[in-house]
There are 4 protein chains.
Amino acid sequence: MVRVGIVGASGYTGSELIRLLLNHAKAELTYVTANRYIGQKVSSLYPNFAGVCDLVYRGFDAAEAKEAAEVLFIALPHGASMDVVSQALEGEHKIIDLSGDFRFADKEVYESWYGMPHKCPTLLGMAVYGLPEVNRKAIKGTNFISNPGCYPTGAILATAPLLTKGLVFEQDIIIDALTGVSGSGRAAKEDTHYCYCDENVSSYKVGGVHQHIPEMEQEMSKIAGEEVRISFTPHLAPFSRGIYTTAYCNLKKNLSTTELIKIFGEFYEGEYFVKVLPEGEYPQVKSVAGSNFCHIGLKVDERTGRVIVISAIDNLVKGASGQAIQNMNIMCGFDETEGLTAVGLMP
Amino acid sequence: MVRVGIVGASGYTGSELIRLLLNHAKAELTYVTANRYIGQKVSSLYPNFAGVCDLVYRGFDAAEAKEAAEVLFIALPHGASMDVVSQALEGEHKIIDLSGDFRFADKEVYESWYGMPHKCPTLLGMAVYGLPEVNRKAIKGTNFISNPGCYPTGAILATAPLLTKGLVFEQDIIIDALTGVSGSGRAAKEDTHYCYCDENVSSYKVGGVHQHIPEMEQEMSKIAGEEVRISFTPHLAPFSRGIYTTAYCNLKKNLSTTELIKIFGEFYEGEYFVKVLPEGEYPQVKSVAGSNFCHIGLKVDERTGRVIVISAIDNLVKGASGQAIQNMNIMCGFDETEGLTAVGLMP
Amino acid sequence: MVRVGIVGASGYTGSELIRLLLNHAKAELTYVTANRYIGQKVSSLYPNFAGVCDLVYRGFDAAEAKEAAEVLFIALPHGASMDVVSQALEGEHKIIDLSGDFRFADKEVYESWYGMPHKCPTLLGMAVYGLPEVNRKAIKGTNFISNPGCYPTGAILATAPLLTKGLVFEQDIIIDALTGVSGSGRAAKEDTHYCYCDENVSSYKVGGVHQHIPEMEQEMSKIAGEEVRISFTPHLAPFSRGIYTTAYCNLKKNLSTTELIKIFGEFYEGEYFVKVLPEGEYPQVKSVAGSNFCHIGLKVDERTGRVIVISAIDNLVKGASGQAIQNMNIMCGFDETEGLTAVGLMP
Amino acid sequence: MVRVGIVGASGYTGSELIRLLLNHAKAELTYVTANRYIGQKVSSLYPNFAGVCDLVYRGFDAAEAKEAAEVLFIALPHGASMDVVSQALEGEHKIIDLSGDFRFADKEVYESWYGMPHKCPTLLGMAVYGLPEVNRKAIKGTNFISNPGCYPTGAILATAPLLTKGLVFEQDIIIDALTGVSGSGRAAKEDTHYCYCDENVSSYKVGGVHQHIPEMEQEMSKIAGEEVRISFTPHLAPFSRGIYTTAYCNLKKNLSTTELIKIFGEFYEGEYFVKVLPEGEYPQVKSVAGSNFCHIGLKVDERTGRVIVISAIDNLVKGASGQAIQNMNIMCGFDETEGLTAVGLMP
């Protein structure tokens, strides 16, 4: 039994960590912080916890955190996370940071894409990128995980088998992705208003400017062993949870849909959370809602020599909190699926 | 470990039983039937099970069912259920019937409200009405459960504390309820079309004609020890899961909101799945989505002497399959919450 | 051709007035104000106007308004409206106030239900309550309209034929109503967040405390010639537009559904915007979305002696801006349906 | 005043024609057919017409149609349309066919993509492709229009300015598009069930197999004067109305976003229904819902040399029935915007 704390537990990824940890057999949630809600019960913000979770938000205090927990999830926005991580690392905690603050080796990349100075540059490059299907071994050996972004999780899992084997042109990849509204966070804003999102689709950060682009390119390039270059367009769609990714890649040589599905199946063999669908079936957002699964389907467009790969994840689970717990399970030597076996909520 | 079968596993309640049983530590799902989909994998209808559940639909056969399972859930439509139940009862199975076929003691009540003859009248009155918060003791001692309807579950839990204590006029109760679209079942019909339900609310069986009325009145009358008479109006609302019930009751004497919340809290003390909310808070459909919880909130309207009680459940879980598993847990001597501890999926 | 201005044109009712006035043959929209958006184009807030409406928000100035327009719609929140109305009334404008500020004759009723002092008590009782189907004659003769609230419009139209004829017990009426999220206004708040509203229903101001109650009781009492007393419960439902009202009334004597539909049909004969549905049909929110229509359906519950009347309107049209234009049409001697003939947007 | 008939008026495009024609000053709707609903009122299928449209569905009869109307809209599914068109063309009608049956010059293209024989091959190539922004002159001079598909309308309008000027590589274009559920038609099917579509996105006809591909390539090639080759992926998204198209094109030479917006603005100058949005703004589905407008926004991705162009239309209006009426207006010499000036329904 490991004691676990969450710093920044009032947002959606924090709440989702609580939801998942309540049914985790090896973890005890002992410590949750939210500086804006000190003294309030978690269930006053998230009534699904009514009568089930009596935890009360506290203000973050590094010493207190050290006392209370061996594993610390940092679920703060980027920019706010770096301070806490640097304090927490001085303890003996296992740290899993869900923000973008420690995903880059290169300070300048961070600063130019996130538009703010990095306050702890000496820690850059020290965290392991927590995508278990690609980095499991390194995850097992570290105390410091940088948990992947939601879009990168969907895009990397959709393309990793192609990139590993060098099957597609690395400089000519298009990633078109839809996010559910929970990806915008819990704050009430003009573009999270029900009347804005409902019956609507809108686009933002069009034209190669989203901060997840360098993360995708960095990790895809590692996988490919070649520099990868992508065009990425994010759209906001009318559902609460999910990332739905369509990747367009140009094949270097003729390969059939059947052959590629076989290659994907082999690549993800033994991976509990990644399911490659049979030919003719494509992922659905709802199939994975509330679950840590990633579904992948693909088809070759023979007229144009492209392969279209589609993946679906729940942005709050495999795209954030579920993957964070998967990383904790690996770091702590638990069964990797512990607490994460729920399937998607259909219908 | 008990072996479990589901007869009629292609519909939504069947699929929900599968979803919940996959994470049940004491039950092994061995047998699923669906006469229309014989030979097809469950995951071909419900892709959330892709790579997780390899079960294949079979045709129902009483002997085979007897071999395969000790507990049998019957998730067939009313009218179709009675045949199977009568065959299954000849075995040693524990039977939990989710249809309306065995909820009445009185054949004529069934036939006049369901509009069809009852083929097994000798079995009427033999099943225990499976609402654990009211009938736990009888459930423990039976092999044959008639699982409550979704609307009755929401309405009875909202009013039982008032009726038990005789606090409201039994003949003057109004139940206004909203159902999610999954309540209409998996069949594609005009009124389950997305473009019909989306951004819409519609009403049906208005004016005291819904077949759940005699079920509510029968069970509420037992609880009250007086004849209960209700007006009930069901509405179809644009969400997939949930029953949202507003009950209007006239108080026999002055009682404050605070006093009534205390009475409800005492009535449901120790009940894991029923949560009485603090004064000023009211249930939300989303708080209980995907969970077996029932949330209840109430307020006295002092101007009119009425108490308004609101309850929320997931129609497929506490309103059907979750409650069925709760009943199985009680019948089999398992922890009543086994497999049912997941909280609602927010956001 | 009449020149028209809108004070407070950045909110949803303001935007809806613009939308409707753009297709009005007798009105020219010349003046729109929004103190928070001075200098911005209307289409920067509402992109449906892109390239169609080049109006720019101005700050409100009484003299300027007087110059610019003969008819002034005041689409400000209650509390903010009274100041503007009192200034505007000094001009020769026709004033249509969409707030609750001038709906009551009695200062104390306003102050106790709206929780704020009324700054222009001498104007109370001077406005005509702008529900044309009930007050057409008075509307024709006034320059000052107080436009009804959205809930009262739905509830009064559903019950007026019963109350006029004294067919139901006036002190025992229940109004259960659902509102779309646009009823909460354009401001981003916790309970207008997509992830809060989506797949959800919640309740607020339960137990006889909503500020529309005295408005309903005041107007229903006038119609009945008796004091009317209601229980009213509002719920927030997952659609953008609509008020869906279910009224429960106890009949003083036996009347069949057929007889009551005939009575309703006669009451609303010649009313273009109120449609009484045939027996067995009930209103749908979507049938009236975007339109100025009110649909009404009803059924007698013979078991309990109640009649259930259901009405549906678009809260922003018949429940606010459409009705305001209907009032303008009457005041100005235009065809009452001018600019308002669009039917609901189905599917 | 022209008399108008609709053949196949029970589907969504038929219903939408009725909705729009009811507010058309120059057209009188005299004749609607639906073989499955003969004798039923239009409002029994579409209650938004209750009390407003008393038309009754008839069975199609060519002679009767000839008597009843000068303009005939054919809103039948492909395959069913060709018979009716060939009969109707023998009269003096103006014909606007909304199906895919007459969009191709080449019989083999039709047969291989639509998977059925063409029964009237001699009529192929005789209809004018009814996209007014590209083909206005030819539309004015014909009696026979083949109305464009919904996806092609969105995709062609998004790319026509680039193709006309030869600014992008014609063989390397990706069209990723989302459709609302009404695009699947009124028939209740597994994939139009609310519980399937709600909170979901799914994909179909992935990999270059959708029957709109040859239509897009044929028309784009005409515009470009070069052979155009596209990859097209359609997705089903959770809204009732809309086509949301993202086009990825590789620029032949460096052009800035500003320069391209200027080029688009010039191309669509004077076009009432196509609005090119300012830099930094992108289309929204909801901005055009219920309207005949097409909104277009674009951005150059300088890192990759691509331009991303996004367009939004209402699939039932500009993508079908509204465009059909726009074509009628041109053919009949009416103001092109007659009956089509409503803006999108926001919020």
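What counts as what
- Residues numbered from 1 in each chain as written.
- Chains lettered and ligands numbered in written order.
- Predicted model: local features only at pLDDT ≥ 70, side-chain atom pairs only at ≥ 80, totals over all residues.
- Heavy atoms only, no water.
- Helix = DSSP H or I, 4+ residues; strand = E, 2+ residues; numbered from the N terminus.
- Rg over C-alpha atoms; globule rule 2.2 N^0.38 Å.
- Buried < 20%, exposed > 50% of the residue type's maximum accessible area, 1.4 Å probe, protein only.
- Contact = heavy atoms within 4.5 Å.
- Areas by Shrake-Rupley, 256 points an atom, 1.4 Å probe, with all protein chains shown as cover.
- Lys, Arg positive; Asp, Glu negative; His and termini not counted.
- Charge placed at Lys NZ, Arg CZ, Asp CG, Glu CD.
- Phe/Tyr/Trp six-rings, centres within 6.5 Å; stacked < 30°, edge-to-face > 60°.
- Lys NZ or Arg CZ within 6 Å of the ring centre and 35° of its normal.
- Least-squares fit on C-alpha atoms with pLDDT ≥ 70 in both.
- Polar contact = N/O pair within 3.5 Å; in protein donor to acceptor, adjacent residues only side chain to side chain.
- Pairing = 2+ DSSP bridges.
- Axes fitted to C-alpha atoms, helices over the stretch in contact; angles between N-to-C directions.
- Domains from an automatic or database assignment.
- Buried area = accessible area lost by both parts, 1.4 Å probe.
- Salt bridge = Lys/Arg side-chain N within 4 Å of Asp/Glu carboxyl O.
- Nonpolar A, V, L, I, M, F, W, Y, C, P; charged D, E, K, R; others polar.
- Arc of directions from axis to C-beta.
- Core = buried A, V, L, I, M, F, W, Y, C linked by side-chain atoms within 4.5 Å.

1. So, the overall build of chain A
For chain A, the helix and strand inventory stands at eleven helices and 13 strands. A compact globule built from 347 residues should have a C-alpha radius of gyration of about 20 Å, and chain A, at 20 Å, falls within 12% of that. Principal axes of the C-alpha set define a box for chain A whose edges measure 60 × 45 × 40 Å. Within the span of chain A, comprising 347 residues, buried residues form 67% of the whole. The long-range fraction of contacts in chain A, counting pairs at least 24 apart against all pairs at least 6 apart in sequence, stands at 70%. Total accessible area computed for chain A in this model is approximately 11,000 Å², and 49% of it derives from carbon and sulfur atoms. When the 30 basic and 40 acidic side-chain charges of chain A are each reduced to a single mean position, those positions are 2 Å apart.

2. Here's the deal with the packing of aromatic side chains
Within this structure, the stated rule accounts for 44 aromatic pairs over all chains. Among the aromatic side chains, those forming a connected cluster through ring pairs are Phe104, Tyr110 and Tyr114 of chain A. Positioned above the aromatic ring of tyrosine 272 of chain B, the side-chain terminus of lysine 275 of chain B is 4.9 Å from the ring centre.

3. So, the relation of the copies chain B and chain D
Superposing chain B onto chain D takes a rotation of 180° plus a shift of 0.0 Å along the axis, which leaves an RMSD of 0.0 Å. Interpreted geometrically, this transformation is the action of a two-fold axis. Measuring from the rotation axis to each C-alpha of chain B, the shortest distance belongs to tyrosine 194 of chain B, at 1.9 Å.

4. A look at the side chain of serine 99 of chain C
Residue and element names in this part refer to chain C. Residue placement: serine 99 occurs in the loop between β4 (94-97) and α5 (107-114). Within the structure, serine 99 has its side chain in polar contact with the side chain of serine 81 (distance 3.4 Å). Within the local environment of serine 99, its side chain forms a polar contact with the backbone nitrogen of aspartate 101, the two atoms lying 3.0 Å apart. Those residues within four positions of serine 99 in sequence are excluded, and the remaining contacts are Ile74, Leu76, Pro77, His78, Ser81, Ser146 and Asn147.

5. Things to note about the sheet that holds strand β4 (residues 94-97) of chain D
Strands belonging to one sheet form pairs held by backbone hydrogen bonds; the direction of such a pair is parallel or antiparallel. Residues and elements named next belong to chain D. One open sheet holds the six strands; their spatial order is β2-β1-β3-β4-β6-β5, and the pairing between them is parallel. With one partner strand each, in any of the chains shown, β2 (27-33) and β5 (128-129) form the two edges of the open sheet. Sheet analysis places strand β3 (residues 71-74) next to β4, joined by four bridges and oriented parallel. Of the residues in β4, the one forming a bridge with valine 71 is lysine 94. Packed on one face of the sheet, helix α11 (residues 317-332) meets β1 (2-7), β2, β3, β4 and β6 (144-146) and runs near 160° to β4.

6. A look at the domain arrangement of chain A
All names here are of chain A. Its domain assignment divides chain A into domain 1 (2-126) and domain 2 (151-316). The interface is formed by 14 residues belonging to domain 1 together with 16 residues belonging to domain 2. When domain 1 packs against domain 2, the two sides together hide about 1,300 Å² of surface, and 57% of this comes from carbon and sulfur. Three residues, Tyr12, Arg103 and Trp113, lead the burial of domain 1 against domain 2; their summed loss comes to 49% of the area buried on that side. Where domain 1 meets domain 2, there are two salt bridges. When the shortest N-O distance is used, the salt bridge between glutamate 215 and arginine 103 registers 2.9 Å. For the side of domain 1 that touches domain 2, the per-class residue count stands at nine nonpolar, two polar and three charged.

7. Looking at the relation of the copies chain D and chain A
With an RMSD of 0.0 Å, the fit of chain D onto chain A corresponds to turning through 180° and sliding 0.0 Å along the axis. Interface residue correspondence from chain D to chain A reaches 100%, placing this contact among same-surface, isologous pairings.

8. A few points about helix α10 (residues 257-267) of chain B
All names here are of chain B. If you check which residues of α10 are buried, you get Thr257, Leu260, Ile261, Ile263 and Phe264. Projected down its long axis, α10 shows its buried positions confined to an angular sector of 160°, all on one face. Where α10 is buried, its residues meet α7 (150-164), β10 (243-251), β11 (274-276), β12 (294-301) and β13 (306-313).

9. A closer look at the pairing of strand β7 (residues 168-179) of chain D
All names here are of chain D. Of all twelve residues in β7, nine are buried; the element is thus mostly enclosed. Both β7 and strand β9 (residues 230-236) contribute to a ladder of seven bridges, which runs parallel. Bridge assignment links alanine 177 to a residue of β9, and that residue is proline 234.

10. Thoughts on the sheet that holds strand β5 (residues 128-129) of chain B
Residue and element names in this part refer to chain B. Taking strand neighbours across the sheet as the criterion, the six strands line up as β2-β1-β3-β4-β6-β5 in an open arrangement whose pairing is parallel. The open sheet is flanked by β2 (27-33) and β5, the only strands paired with a single partner. Both strand β4 (residues 94-97) and strand β6 (residues 144-146) contribute to a ladder of three bridges, which runs parallel. Bridge pairing in β6 links isoleucine 96 to isoleucine 145. On the sheet, helix α1 (residues 12-21) packs against β1 (2-7), β2 and β3 (71-74) and is oriented at approximately 160° with respect to β1.

11. So, the nonpolar core
Judged by nonpolar contacts, the single largest core of 240 residues is most densely connected at Phe73 of chain A, Phe73 of chain B, Phe73 of chain C together with Phe73 of chain D. Excluding residues that lie within four positions of it along the chain, phenylalanine 73 of chain B makes contacts with Val4, Gly5, Ile6, Val7, Leu17, Leu21, Ile96, Leu98, Ala324, Ile325 and Met328 of chain B.

12. Some remarks on the interface of chain B and chain D
Opposite the 18 residues of chain B that make contact, chain D presents 18 residues. The contact between chain B and chain D buries some 1,400 Å² in all, and 57% of this surface belongs to carbon and sulfur atoms. In this structure, the connection of chain B to chain D is made through two salt bridges. Its salt-bridge partner being glutamate 190 of chain B, residue arginine 186 of chain D comes within 4.0 Å of it at the nearest N-O pair. The element best represented in the side of chain B that touches chain D is helix α8 (residues 194-197) of chain B, accounting for three residues.

13. Quick notes on unusual backbone geometry
All names here are of chain B. With an omega of -15°, the peptide bond between methionine 346 and proline 347 qualifies as cis. As for its placement among the helices and strands, proline 347 is situated in the segment after α11 (317-332). Backbone geometry at lysine 205 places phi at a positive 50°, although glycine is not the residue there. Assignment of secondary structure puts lysine 205 in the loop between β8 (202-203) and α9 (212-224). On the basis of relative accessible area, lysine 205 is assigned to the partly exposed category, the value being 37%.

14. Describing the pattern of salt bridges
Inspection of the entire model under this criterion finds 84 salt bridges over all chains. In this structure, glutamate 16 of chain B and arginine 241 of chain B form a salt bridge, with 2.6 Å as the shortest nitrogen-oxygen distance. Highlighted residues: glutamate 16 of chain B in helix α1 and arginine 241 of chain B in the loop between β9 (230-236) and β10, separated in sequence by 225 residues. Under the relative-accessibility criterion, glutamate 16 of chain B is labelled buried at 0%. The network of salt bridges with shared partners includes Glu16, Arg19, Arg241 and Asp314 of chain A.

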